[in-house]
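# Architecture and fold: a report
If you want the building blocks of each chain, they are given just below.
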Amino acid sequence: MELGFIPMSPPMSEDAKELGWLTIISSSRPKSFVLSALRRVKRLIREIIGSLFNLKNTESLYIGGVFCVQEKFRHSDVGRKLLNACDEHSGGKNIGVNTDIHKVGPYMRRGVKIIETDWKSIEYETYTPVNPAVLSDELPSGVEIVAFQNSHLPAIHEYDYSLAGYERKSLIETSCKEENSITLVAMKDGKCVGFGSIKLNIMELGRVGPLYADDPSVAEAMVKRLITAMPEAKGFATVTISTNLSQTWYLRS
């Protein structure tokens, strides 16, 4: 099987936004244009059998994700070719990924190391609306939660760097401005002390994340306000880590 990365035809390139290899057709165009553009893509590549994006985060770090191969092609060398193309695109720089523990094998066979073993990611998902009234809205003295604005980005970037230990400006800005999402920022004395987003996913669930806060009460109030701000959501989803005891407790309550 021959696998190729086929460039878009010229009529589409003017109306697409490219983030690494992830190409998004602009939804600001009329629906008829988007549909006709999608039909041109379908004719051009015939069938999408796998995907993988590789986004340049900094000069020394790329972030990979959306790694998927249709089931009927999973033993046809498609995954290996996608990963090799990803390696080539990053030019030998560091690549960070998150994956299911049961699917870590393909990465490890290519030299990827597991850098975190002390905790696990826990997924929560419900397909019925949740009641935010059970959550507290009380905030510590001096803290206010406000709607995201572009002017908050420098403070958010500084706060995120203090948490992650490396720069994630492009990822954070893209997340805060994502379509069908709402982002809130916790501020105290002009500094960011937390931020969080809720996004309407393809299942029409309100997916909370990312969400960070110095104080558990700020995180709880932010979750409550995010859920309230998206009443059209048909359910709720989020991911937290097993050592985050405060969030794990109120998510299970």
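Please refer to the structure placed before this passage.
Residues numbered from 1 in each chain as written. Predicted model: local features only at pLDDT ≥ 70, side-chain atom pairs only at ≥ 80, totals over all residues. Heavy atoms only, no water.

### Quick word on the overall build of the chain
Looking only at helices and strands, the chain features 8 helices and 11 strands. Counting only residues that meet the buried cut, the chain has 34% of its 253 residues in that class. Taking as baseline every contact in the chain between residues at least 6 positions apart, the subset at least 24 positions apart corresponds to 65%. Accessible area of the chain: about 16,200 Å², with a carbon and sulfur share of 53%. (Helix = DSSP H or I, 4+ residues; strand = E, 2+ residues; numbered from the N terminus. Buried < 20%, exposed > 50% of the residue type's maximum accessible area, 1.4 Å probe, protein only. Contact = heavy atoms within 4.5 Å. Areas by Shrake-Rupley, 256 points an atom, 1.4 Å probe, with all protein chains shown as cover.)

### A closer look at the packing of helix α5 (residues 153-164) against helix α6 (residues 169-176)
α6 packs onto α5 with a crossing angle of 125° between their chain directions and a minimal axis gap of 10 Å. Taken together, the axis directions place α5 and α6 in an arrangement best described as oblique. Viewed along their axes, α5 and α6 form a crossing whose handedness is right-handed. Here α5 contributes L153, I156, H157 and D160 to the contact with α6, which in turn contributes K169, I172, E173 and C176. Looking at the contact of α5 with α6 residue by residue, the class counts come to 4 nonpolar, 1 polar and 3 charged. (Axes fitted to C-alpha atoms, helices over the stretch in contact; angles between N-to-C directions. Parallel < 35°, antiparallel > 145°, perpendicular 65-115°, else oblique. Left-handed = near helix turned anticlockwise from the far one by under 90°. Nonpolar A, V, L, I, M, F, W, Y, C, P; charged D, E, K, R; others polar.)

### As for the nonpolar core
Grouped together as the largest cluster of nonpolar side chains are 19 residues, with contacts concentrated most on I145, A186, V208, L211, M222 and L226. With residues near it in sequence (within four places) discarded, L226 still touches I182, L184, G196, S197, I198, V208 and L211. In terms of nonpolar packing, the next biggest core, distinct from the first, is built from 11 residues, F148, A155, C176 and F195 among them. (Core = buried A, V, L, I, M, F, W, Y, C linked by side-chain atoms within 4.5 Å.)

### Structural notes on unusual backbone geometry
With an omega of 0°, the peptide bond between G209 and P210 qualifies as cis. With respect to the helices and strands, the residue P210 is situated in strand β10 (residues 206-213). At D77, a residue that is not glycine, the phi angle is positive and equals roughly 75°. In this fold, D77 is placed in the loop between β4 (61-69) and α3 (78-90). A relative accessible area of 33% places D77 in the partly exposed class. Despite not being glycine, D189 has its phi angle at roughly 55°, a positive value.

### A closer look at a nonpolar patch on the surface
A cluster of nonpolar side chains, contributed by I101, M108 and I114, occupies part of the molecular surface with about 290 Å² of accessible area. Here I101 lies in the loop between β5 (94-96) and α4 (105-108). (Patch = residues over 30% accessible without salt bridge, like charges linked within 9 Å, V, L, I, M, F, W, Y side chains within 5 Å. Salt bridge = Lys/Arg side-chain N within 4 Å of Asp/Glu carboxyl O.)

### Here's the deal with α3
End to end, α3 covers 19 Å across 13 residues, agreeing with the expected 18 Å (1.5 Å per residue, within 8%). Those residues of α3 not exposed but buried are V78, G79, L82, L83, A85, C86 and S90. Summarising the axial view, the buried residues of α3 lie within an arc of 160°, below the 170-degree limit, and thus occupy one face. Looking at the packing, one finds that the buried side of α3 touches β3 (50-58), β4, β5 and α4. Downstream of α3 by one or two residues, G91 has phi in the positive range, about 65°. (Expected span 1.5 Å × (residues − 1). Arc of directions from axis to C-beta.)

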